[in-house]
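Single-letter residue listing:
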Amino acid sequence: MPRRPPTIPAHSAHGHLVHPPLRADGRRNYEALLAAADEMFTVHGPGAPLDAIARRAGVSNATLYRHFPDRRDLLVAVCVTEVQALCTVGEE
């Protein structure tokens, strides 16, 4: 099944690194994980415990790893999301 393109602007060099899920429940979990990771990385740095991120997002560890197979993938997704938000503000 083809994936819908991510919501990253087409001109972004890192848009291919973030792939939000298509289903509503998966997208909710994905967004909850990104929000929790952003909060935890802000407070604890990039070494924040992944278990704590999953708990804060209200999902299991398995769900976290299904969306983000390793810490680097999660860090990149958080960073790309932040850059996307900055681009949106800049365009406005």
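Details of the structure are given in the entry above.
A brief look at the structure comes next.

Definitions and limits used
- Residues numbered from 1 in each chain as written.
- Predicted model: local features only at pLDDT ≥ 70, side-chain atom pairs only at ≥ 80, totals over all residues.
- Heavy atoms only, no water.
- Helix = DSSP H or I, 4+ residues; strand = E, 2+ residues; numbered from the N terminus.
- Buried < 20%, exposed > 50% of the residue type's maximum accessible area, 1.4 Å probe, protein only.
- Areas by Shrake-Rupley, 256 points an atom, 1.4 Å probe, with all protein chains shown as cover.
- Salt bridge = Lys/Arg side-chain N within 4 Å of Asp/Glu carboxyl O.
- Contact = heavy atoms within 4.5 Å.
- Axes fitted to C-alpha atoms, helices over the stretch in contact; angles between N-to-C directions.
- Parallel < 35°, antiparallel > 145°, perpendicular 65-115°, else oblique.
- Left-handed = near helix turned anticlockwise from the far one by under 90°.
- Nonpolar A, V, L, I, M, F, W, Y, C, P; charged D, E, K, R; others polar.
- Expected span 1.5 Å × (residues − 1).
- Polar contact = N/O pair within 3.5 Å; in protein donor to acceptor, adjacent residues only side chain to side chain.

Considering the overall build of the protein
Logical step 1: In terms of regular secondary structure, the protein is built from four helices and zero strands.
Logical step 2: Order of helices (α) and strands (β) in the protein, N terminus to C terminus: α-α-α-α.
Logical step 3: Residue burial in the protein is summarised as follows: out of 92 residues, 33% are buried.
Logical step 4: When the accessible surface of the protein is totalled, it reaches about 5900 Å², and 58% of it is carbon and sulfur.

Quick word on the pattern of salt bridges
Logical step 1: Under the criterion given, the structure shown has three salt bridges.
Logical step 2: Measuring nitrogen to oxygen at the nearest pair gives 2.7 Å for the salt bridge that ties aspartate 25 to arginine 23.
Logical step 3: What makes aspartate 25 partly exposed here is its relative accessible area of 31%.
Logical step 4: Residue classification places arginine 23 among the exposed positions, given a relative accessible area of 58%.
Logical step 5: Measuring nitrogen to oxygen at the nearest pair gives 2.5 Å for the salt bridge that ties arginine 56 to glutamate 39. Pair noted here: arginine 56 is in helix H2 (residues 50-57) and glutamate 39 is in helix H1 (residues 24-44), with a separation of 17 residues, a long-range link.
Logical step 6: Judged by relative accessible area, glutamate 39 falls into the partly exposed class, the value being 38%.

Looking at H2
Logical step 1: Along H2, the residues classified as buried are Leu50, Ala52, Ile53, Ala54 and Ala57.
Logical step 2: Looking at the buried side of H2, the elements it contacts are H1, helix H3 (61-67) and helix H4 (71-91).
Logical step 3: Following H2 by one or two positions, glycine 58 adopts a phi angle in the positive range, close to 80°.

Looking at the packing of H1 against H2
Logical step 1: With their axes 8 Å apart at the nearest point, H1 and H2 run at an angle of 130° to one another. With respect to each other, H1 and H2 are oriented oblique. The two elements H1 and H2 cross, and the hand of that crossing is right-handed. In contact with Ala32, Leu33, Ala36, Ala37, Glu39, Met40 and Phe41 of H1, H2 contributes Ala52, Ile53, Ala54, Arg56 and Ala57.
Logical step 2: Taken together, the residues of the contact of H1 with H2 break down into ten nonpolar, no polar and two charged.

Brief notes about H4
Logical step 1: For H4, which comprises 21 residues, the first-to-last C-alpha distance of 30 Å matches the rise-based estimate of 30 Å (1.5 Å per residue) to within 8%.
Logical step 2: All buried positions along H4 are accounted for by Leu74, Val76, Ala77, Val78, Val80 and Gln84.
Logical step 3: The N-capping residue of H4, defined by a side-chain oxygen 3.1 Å from the backbone nitrogen of arginine 72, is aspartate 70.

Such coordinate-based values are descriptive only and should not be taken to indicate function.
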